[in-house]
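# Structure at a glance
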Amino acid sequence: MTTAFMTPAPVHAAARHTGRARLWWVLAAGWVAHVALRLWLYRYHTGPVANPDETGYLLAARWLAGGPGADLTGSTFYQGGYPLLLVPIFWLTSDPVLAYRLVAGVGSMAAASAYPLAYLLLRRMGLGRRAALITAFVAALSPALVVFSGLALTDAILPVLVLAWLLALHDLVAYGSARAGAVAGALAAFAMATHLRGTVVLAVCVLTVVVVSVRGKVAASVRGRAAGPAVAAPAVRAAVAALASAAVVAVAGKVLNGALGAALYPGGPRDLSGLLVSRLTSLEGQAWALSGAAGQLWYLVAGTWGLAGVGLAGAAATLVRRSAPYAHRVLAGTLLLTTLGIAYASSAALPDEHRVGNYVYGRYLACVAVAWTLAGLIVLVKGGRLAVVRHALAAAGLMAVTGGVAAWYAGDRLERYAFIAFDFPEVIFLTGANDALDLVDASVPALVLLAGLTGAAFLTIRRARLLVVGVLALIDIAFTAGQAPARPSGGADWLPAPPPGRVAVDRRVRWNIWVPLAYRVSWTEIEFYSGRPPSGACTAVVPYGTAPPPGWAATGGGGAQMGWTTWSNGRCR
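The structure contained in this document is the topic of the report that follows. Since this is a predicted model, take the numbers as computed values, not measurements. (Residues numbered from 1 in each chain as written. Predicted model: local features only at pLDDT ≥ 70, side-chain atom pairs only at ≥ 80, totals over all residues. Heavy atoms only, no water.)

## With respect to the pattern of salt bridges
Across all of its chains, the model carries 9 salt bridges by this definition. The salt bridge partner of Asp155 is Arg197, with a shortest N-O separation of 3.1 Å. On the criterion of sequence distance, the pair formed by Asp155 in the loop between α8 (143–146) and α9 (158–175) and Arg197 in helix α11 (residues 197–215) is long-range, its members being 42 residues apart. Residue Asp155 is classed as buried on the basis of its relative accessible area of 3%. Judged by relative accessible area, Arg197 falls into the buried class, the value being 4%. When the shortest N-O distance is used, the salt bridge between Arg355 and Glu353 registers 2.7 Å. Owing to a relative accessible area of 34%, Glu353 belongs among the partly exposed residues under this scheme. Overlapping salt bridges, with partners in common, bring together Asp53, Asp155, Arg197 and Arg363 in one network. (Salt bridge = Lys/Arg side-chain N within 4 Å of Asp/Glu carboxyl O. Helix = DSSP H or I, 4+ residues; strand = E, 2+ residues; numbered from the N terminus. Buried < 20%, exposed > 50% of the residue type's maximum accessible area, 1.4 Å probe, protein only.)

Shown next, in the form of structure tokens:
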């Protein structure tokens, strides 16, 4: 009898091992599929298209790898966290085209990693294995993970960084894991070393860790009772690990960015601190910051087809519902605070550049868009029919209110100011117009898509709720298909292509010429001059129509439309 009762154990253990191995193979296959999709989408990209941002990060990575830098004095400071990840690329090659293609590969792999991370988060939130696999795979097709994954921007990694941070925070709270605490703190501090938005992430992380440890409530939701000393001890250990790792990484990031600043910004970067102070201390500044935050929230909801609005409503409900698992409540509050903090702080620090994106913008909150998409899907897949309708109505109301506030403050500036298509990929998908923003025209199709997702949840029983995910997959596939590139025409591009040797640039040349040129010239740092080019330079880039001095010859490159031409130094022949 004893043998009969004991023999099934190895069988069950083997079955569990086989199931676990099969799961990881599925996750790996899904990751590879997402990487392949993004590599195909960006197969024609050979250089920066979002300047000066991409070039700023690429130049930082090249300098960190030991290559030539540039003088970016007076420009926005591009922090070193993301470029640090690209350093091995510039160890492998100095060719700017190959390096950029490899950067796109790194971004594609990072964005694809959202799939396994989303799966783990959904499992923590109570979804079954099959539902979590399917839902996470579709969520990884979100626009925020498609648009930026092939570009040299921090936005290629920030959404994944936020997902990993939230996962670590959950395990810190739910299990009192010191390892999870160390990971959460390190990720938050690395986010701060990567972009100013990361400062909000780190501040919220520290606040969350302190509040959780002080309350001594770690894992209370799992145990179902108030936490006692046995639970408080893991809470303290996890909090100490989180704060210690955050401090170490934050100091390292400070040193890294200090070195970058001294090398690439010898005259100092663009200083927005005075603008930020005036915004925070004046009524007009507060109006700008709050309305800009509203515009970002509108874009977050509309650009996720309403799902972020459903998720925001769900998070607010979870936060105040005492019966909800404690870890879920903490995560809901953390994500809400992070989102509102980023929206407000980024808007307050944004100068008036006379563009539509000053009033309605999606890129700053793209880092939390995937997390909110997952939150919205959880509500639609797991909630009752009445709850689904309530949350969808709340999302529609949020879209209307935030859009109304943004439109009221911006007024006719939405029509008069410059519309930059790169800032509005989801809006262009919704409206079909790539030259203007109409908040009503964009809100209506977003509400229609939200109605479709809500209807799929309302009209099916809970066991068939994955129909919602199917509807989302169709929407995201349509969006992704719209991002598919056309084969570029052959011939020279709009930038100078100087031969090897020292390259000098007349200070009158526009920034949109010399900034990308600084990356193209991979063998030396470009030199700026006023008057006559340096005698040791072999190529000079000058405004079109400028006559060369003795010893220099016009090459005929460029033109009036491009705004530049080049000279060659006869001594270099």
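From this point on, the discussion continues.
## Points about the sheet that holds strand β3 (residues 539–543)
Strand pairs in the sheet, formed through backbone hydrogen bonds, run parallel or antiparallel to each other. Taking strand neighbours across the sheet as the criterion, the 5 strands line up as β2-β1-β3-β5-β4 in an open arrangement whose pairing is mixed. Single-partner strands in this sheet number two, and they are β2 (527–529) and β4 (552–554). Strand-to-strand twist across the sheet, computed as the mean angle between neighbouring axes with direction ignored, equals 30°. Sheet topology note: the β3/strand β5 (residues 564–569) ladder contains 5 bridges and is antiparallel. Bridging from a neighbouring strand, Val541 pairs with Thr566 of β5. (Pairing = 2+ DSSP bridges. Axes fitted to C-alpha atoms, helices over the stretch in contact; angles between N-to-C directions.)

## A look at empty space enclosed by the protein
In total, this model carries 4 cavities of 30 Å³ or more according to the counting rule given. Its boundaries defined by the atoms lining it, the largest cavity holds a volume of some 240 Å³. Lining the largest cavity are 24 residues, and of these Ala144, Tyr299, Gly303, Ala366 and Glu426 sit closest to its centre. Those elements giving two or more residues to the lining of the largest cavity turn out to be α8, α15 (283–302), α18 (366–382), α21 (425–431) and α23 (466–482). The element best represented in the lining of the largest cavity is α18, accounting for 3 residues. (1 Å grid on protein atoms, 1.4 Å probe; cavity = no way out; pocket = protein on both sides within 12 Å on 5 of 7 lines; lining within 4 Å. Points joined across faces, edges and corners; volume = space filled by probe spheres on them.)

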